[in-house]
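Observations on the three-dimensional arrangement
Next come the chains, spelled out residue by residue.
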Amino acid sequence: MPPRKKLALKEGEQLLRLYVNGAIIEIISPIPREQFLQEMVNDINTNGMKPEWSGWYSLRSSSGGIISVRIRCIDAVEEID
């Protein structure tokens, strides 16, 4: 496998690896890992029991595009150097 290209991140952005629903997703977050995790868990806990809540999020992928993923549970969030 070729070595990973170092992404040019803007000030305050972090590359995060999410373990969600048995999948690994790499995203670029505009907020720190701990804040991202707290806000996501709070949103999931607040809305998870509402039948009208879809759980779909649009996130910026590490390749620069936008991905849409349904997140109802986060298994882990890892900060990538």
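Residues numbered from 1 in each chain as written. Predicted model: local features only at pLDDT ≥ 70, side-chain atom pairs only at ≥ 80, totals over all residues. Heavy atoms only, no water.

**A few points about helix H1 (residues 33-47)**
When the terminal C-alpha atoms of H1 are compared, their 21 Å separation across 15 residues agrees well with the 21 Å that a helix rising 1.5 Å per residue should span. Restricting attention to buried positions, one finds in H1 the residues Phe36, Met40, Ile44 and Asn47. Down the axis of H1, the buried side of the element spans an arc of 90°, and every buried residue falls inside it. Opposite the buried face of H1, by more than 90 degrees, sit the exposed residues Gln38 and Asn45. The elements touched by buried residues of H1 are strand S1 (14-20), strand S2 (23-29), strand S3 (56-60) and strand S5 (74-80). (Helix = DSSP H or I, 4+ residues; strand = E, 2+ residues; numbered from the N terminus. Expected span 1.5 Å × (residues − 1). Buried < 20%, exposed > 50% of the residue type's maximum accessible area, 1.4 Å probe, protein only. Arc of directions from axis to C-beta. Contact = heavy atoms within 4.5 Å.)

**A short note on the side chain of Ser61**
Residue position: Ser61 is located in the loop between S3 and strand S4 (66-70). Ser61 has contacts with Glu26, Ile27, Ile28 and Ile67, leaving out every residue within four places of it along the chain.

**Quick look at the pattern of salt bridges**
Scanning the entire structure with this criterion turns up 4 salt bridges. For Arg60, the salt bridge goes to Glu13, with nearest N and O atoms at 2.8 Å. Note that Arg60 is positioned in strand S3 and Glu13 in the segment before S1, a separation of 47 residues in sequence. Put simply, Glu34 and Arg33 hold a salt bridge, and the shortest N to O gap is 3.4 Å. By relative accessible area, Arg33 is classed as partly exposed at 25%. (Salt bridge = Lys/Arg side-chain N within 4 Å of Asp/Glu carboxyl O.)

**Here we look at the nonpolar core**
Residues Leu18, Ile27, Phe36, Tyr57, Leu59 and Ile71 are the most contacted members of the largest nonpolar core, which totals 15 residues. Elements with a contribution of two residues or more to this core: S1, S2, H1, S3 and S5. Look past the residues within four positions of Phe36 in its chain and what remains in contact with it is Leu16, Leu18, Ile27, Ser29, Ile31 and Val77. (Core = buried A, V, L, I, M, F, W, Y, C linked by side-chain atoms within 4.5 Å.)

**Things to note about the sheet that holds S2**
Hydrogen bonding along the main chain pairs the strands of a sheet, whether they run parallel or antiparallel. The strand order across the open sheet formed by 3 strands is S2-S1-S5, and the pairing between neighbours is antiparallel. Both edges of this open sheet fall to S2 and S5, since each of them pairs with a single strand only. When the angles between neighbouring strand axes are averaged without regard to direction, this sheet yields 25°. Pairing of S1 with S2, which is carried by 7 bridges, proceeds in the antiparallel orientation. Within S2, the residue paired with Leu15 across the bridge is Ile28. In this fold H1 packs onto S1, S2 and S5, with an angle of close to 165° to the strand it touches most, S5. (Pairing = 2+ DSSP bridges. Axes fitted to C-alpha atoms, helices over the stretch in contact; angles between N-to-C directions.)

**Comments concerning the pairing of S1**
Summarising burial for S1: 6 of the 7 residues are buried, a large majority. Linking S1 back to S2 in an antiparallel pair, the connection comprises 2 residues, with Asn21 at a positive phi of about 50°.

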